[in-house]
Amino acid sequence: MAYLVFARKYRPQTFEDVVEQAHVTKTLSNAVTSGRLAHAILLSGPRGTGKTTIARILAKCVNCSEAPTSTPCNQCRSCTEITAGNAMDVFEIDGASNNKVENIRELRENAKYMPAHSPYKIYIIDEVHMLTDAAFNALLKVLEEPPAHVLFLFATTEVRKIPITILSRCQRHDLRRIGINAIAAHMKKICEGENIDISDKGLALIAREADGSIRDGLSLLDQVITCTETAITDKEIIDILGVIDRQILFDISGALFSGDMAAIIDICDLLYRQGRHMMKFYTELIEHFRNLLVVKMEGAASTLSDVPAHERELMEKQVGNITQPHLFQVLNVLFEEEWRIKLSASPKTALEMTFFRLMQIRPAFSLDALIEKLDRLKTGIAPAGKPQSPGASEPEPSASEPEPSAPEPEPSAPEPPVHGNVLSETGPDSPGDPGPECPADDPPESAPADPATPDAPSETPPMDLSQMDNGEIWDRLKSSICEKSPVLGACLADGTLTYTPPDRLVIEIASTHPNIALLRRKKNIAGIEKHCNDFFKQPLKISIDVKQTGPDPGDLKKKHRELESEARAHPLVNAAIKTFNGKIQDIKIL
Ligand SMILES: [Zn+2]
């Protein structure tokens, strides 16, 4: 018997065997068993995803001796004839070569007669979008009111080419591209059955090359198997299929991150010598960097369903020290340079130039890193004005503090330095009187002047928060935060502080505040919490609340209505309507 290629030998014969199209097969099998099968069904989707296969299985479902059934027996006359492709009542028509109106007229005439021995006469038209306009028109009538014994099954890769009049008479099912992992798993099952020794990495290479088509995957597998007599190695697969070794992508991204231009030129040379298609490599390179970016994004790595586990591990390792903005910059440049590679007479040189450009990129800092740097810079400057400014020296209230029940021993130690204190410069907090507690000039002298100061903080008892004067304490707390973390302090400038017993401090921020998201980051809340614990000398929990501000939505609506009626009544508008004999369609408030 002649050799049967895998794609034909392992063509699914039941809905259960169809790979990754459950959304279609489940609907169709339910339709068959519940007797709600439409008389015209259109299956659309990329090549090799199972359109014709599903159409044949559906034909078996309705023509099997056990019909209607969602699990055809594959034993009876109808089933075996359909599998063999010589069923008397199932007509498989190639739409590309039978696209004339005469062909459809013939079909229409033929459809009137009863099936030979099955319940249904089934017309499977493949590539139905190839029919001419006249042929489609000829199909319209019979499609609208077909004889009860006729079932039309259409398959197409280009559904947009089908006239809307036809589409509206069909029940449409869209098939999806099949994922690399699903194709690889299917091929693995076949290889195990055929006793073929092939690695998972090799299967992943073939599956990637199949580009979402299971038929293409099986054809490539066939090709690889025929080319070798012994066990198939990954290198052989790369050579036979001419695919890019995935390791090269990791090598080139690794060389870029470590700034090794010589290694990149070597890789480009190697690809050139092997005769690899540069544009294809470039496309894979973009996809590779996109995957690296996704891996770097917190919580997004699980969406990389098309990347085998071993590659994902490698990716995680490679981007460990690389920032997200840097990866984004690389991707950006790769997209910008794509057309050069495409149009260049020497794509290899263009590729090298692109990498030269990528080497020039100075890695961008993430927002967090930038804030950290800024804070370090600011606190680095502060000691120049004042030798030591420990935040722990805060708890002692200033001399001017009126209420605190636990007065501190050193009234002379007023406040931390306020050089670079964003709050004191910009702070619009009206009640807080920054004067007495933020004396910008004296701390350098006063701190060393007081001999009691160094020991005081450790002896300071926790502050009685229920007694505290929020406005004043809050201002001092902000000053303290500003000193250690100027950016965080600046973000808190407009907030208000309330104490909720027993251990919670609520910082309220206006909803219009530009840095709400920044403040709400876990890291920043923890930072504020630490500052507060140091400041109040007791463990406290911090929560950031958002206070709704801005105009009331109800008022806004009223205002809009007023503006609208004003616009309608405007003499200029009325004159324009009269002149052009028009009418007002819509009024937009700008
Ligand atoms: Zn059967």
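All of the points below concern the structure found in this document. (Residues numbered from 1 in each chain as written. Predicted model: local features only at pLDDT ≥ 70, side-chain atom pairs only at ≥ 80, totals over all residues. Heavy atoms only, no water.)

**Quick notes on the overall build of the protein**
On a plain count of helices and strands, the protein comes out with 29 helices and eight strands. Looking at the protein residue by residue over its 590 residues, the buried ones come to 44%. Within the protein, contacts between residues at least 6 apart in sequence are counted, and of these 73% link residues at least 24 apart. Put simply, the protein shows about 31,200 Å² of open surface, and 54% of that area lies on carbon and sulfur atoms. (Helix = DSSP H or I, 4+ residues; strand = E, 2+ residues; numbered from the N terminus. Buried < 20%, exposed > 50% of the residue type's maximum accessible area, 1.4 Å probe, protein only. Contact = heavy atoms within 4.5 Å. Areas by Shrake-Rupley, 256 points an atom, 1.4 Å probe, with all protein chains shown as cover.)

**A word on the coordination of the zinc ion**
Surrounding the zinc ion are the protein donor atoms C64 (SG), C73 (SG), C76 (SG) and C79 (SG), at 2.2 to 2.3 Å. Given four donor atoms and angles of 102 to 124 degrees at the metal, the environment of the zinc ion is assigned as tetrahedral. Read in sequence order, the donor residues coordinating the zinc ion give the pattern C-x8-C-x2-C-x2-C. Accessibility expressed as a relative area gives 0% for C79, which makes it buried. (Donors = N, O, S within 2.8 Å, 3.2 Å for Na, K, Ca; no water. Tetrahedral: all angles 85-135°; square planar, octahedral: opposite > 155°, others 65-115°.)

**Thoughts on the packing of aromatic side chains**
Enumeration according to the criterion identifies five aromatic pairs in this entry. For the pair F91 and Y123, a centre-to-centre distance of 5.0 Å together with 15 degrees between the ring planes defines the contact as stacked. Placement of the pair is F91 in strand 2 (residues 90-94) and Y123 in strand 3 (residues 121-126), with a sequence separation of 32 residues. With a relative accessible area of 25%, F91 lands in the partly exposed category. Through pairs of rings, three or more aromatic residues link up here, namely F91, Y123, F152 and F154. The ring of Y272 carries K348 above its face, with NZ or CZ at 5.6 Å from the centroid. (Phe/Tyr/Trp six-rings, centres within 6.5 Å; stacked < 30°, edge-to-face > 60°. Lys NZ or Arg CZ within 6 Å of the ring centre and 35° of its normal.)

**Re the sheet that holds strand 3**
Read across the open sheet, the five strands follow the order 2-3-4-1-5; overall the sheet is parallel. Single-partner strands in this sheet number two, and they are strand 2 and strand 5 (171-174). Here the strands of the sheet are splayed against their neighbours by 15 degrees on average, with no regard to which way each runs. Pairing geometry for strand 1 (residues 40-44) and strand 4 (residues 150-156), over five bridges, is parallel. Along strand 4, the bridge assignment pairs I41 with L153. Of the strands in this sheet, strand 1 and strand 5 are in contact with helix 2 (residues 22-33), which crosses strand 5 at around 150 degrees. Sitting on the sheet, helix 5 (residues 101-111) touches strand 2, strand 3 and strand 4, and the angle it makes with strand 3 is about 165 degrees. (Pairing = 2+ DSSP bridges. Axes fitted to C-alpha atoms, helices over the stretch in contact; angles between N-to-C directions.)

**Observations concerning the sheet that holds strand 7 (residues 504-510)**
Pairing is mixed in the open sheet, where three strands are placed in the order 6-7-8. The strands lining the two open edges of the sheet, one partner per strand, are strand 6 (496-500) and strand 8 (541-547). Within the sheet, the average angular offset between the axes of one strand and its neighbour, ignoring direction, is 30 degrees. Here strand 6 pairs with strand 7 via five bridges, running antiparallel. Bridging across to strand 7, L497 finds its partner in I507. The sheet strands contacting helix 27 (residues 522-536) are strand 7 and strand 8, and the helix crosses strand 8 at an angle near 120 degrees.

**Thoughts on the nonpolar core**
Judged by nonpolar contacts, the single largest core of 40 residues is most densely connected at F281, L285, F289 and F355. Elements that contribute at least two residues to this core include exactly helix 12 (246-257), helix 13 (261-273), helix 14 (278-296), helix 16 (324-336) and helix 18 (347-360). At eleven residues, helix 14 tops the list of elements feeding residues into this core. Those residues in contact with F281, other than ones at most four positions away along the chain, are I244, I248, L249, I252, L271 and L351. (Core = buried A, V, L, I, M, F, W, Y, C linked by side-chain atoms within 4.5 Å.)

**Concerning the pattern of salt bridges**
One pass over the full model with this rule turns up 21 salt bridges. R160 is the partner of E158 in a salt bridge, and the nearest nitrogen-oxygen pair spans 3.0 Å. Overall, the relative accessible area of 25% leaves E158 in the partly exposed class. Residues K348 and D269 are paired through a salt bridge, measuring 2.9 Å at the closest nitrogen-oxygen approach. Here K348 is found in helix 18, whereas its partner D269 is found in helix 13, with 79 residues between them in sequence. (Salt bridge = Lys/Arg side-chain N within 4 Å of Asp/Glu carboxyl O.)

**Focus: the pairing of strand 2**
Examined bridge by bridge, strand 2 and strand 3 share five bridges and lie parallel to one another. The residue bridging I93 from the neighbouring strand is I125, located in strand 3. At this point the chain moves from strand 2, through helix 5, to the parallel strand 3, and the crossover so formed is right-handed. (Right-handed = clockwise from strand over helix to strand, strands pointing away.)

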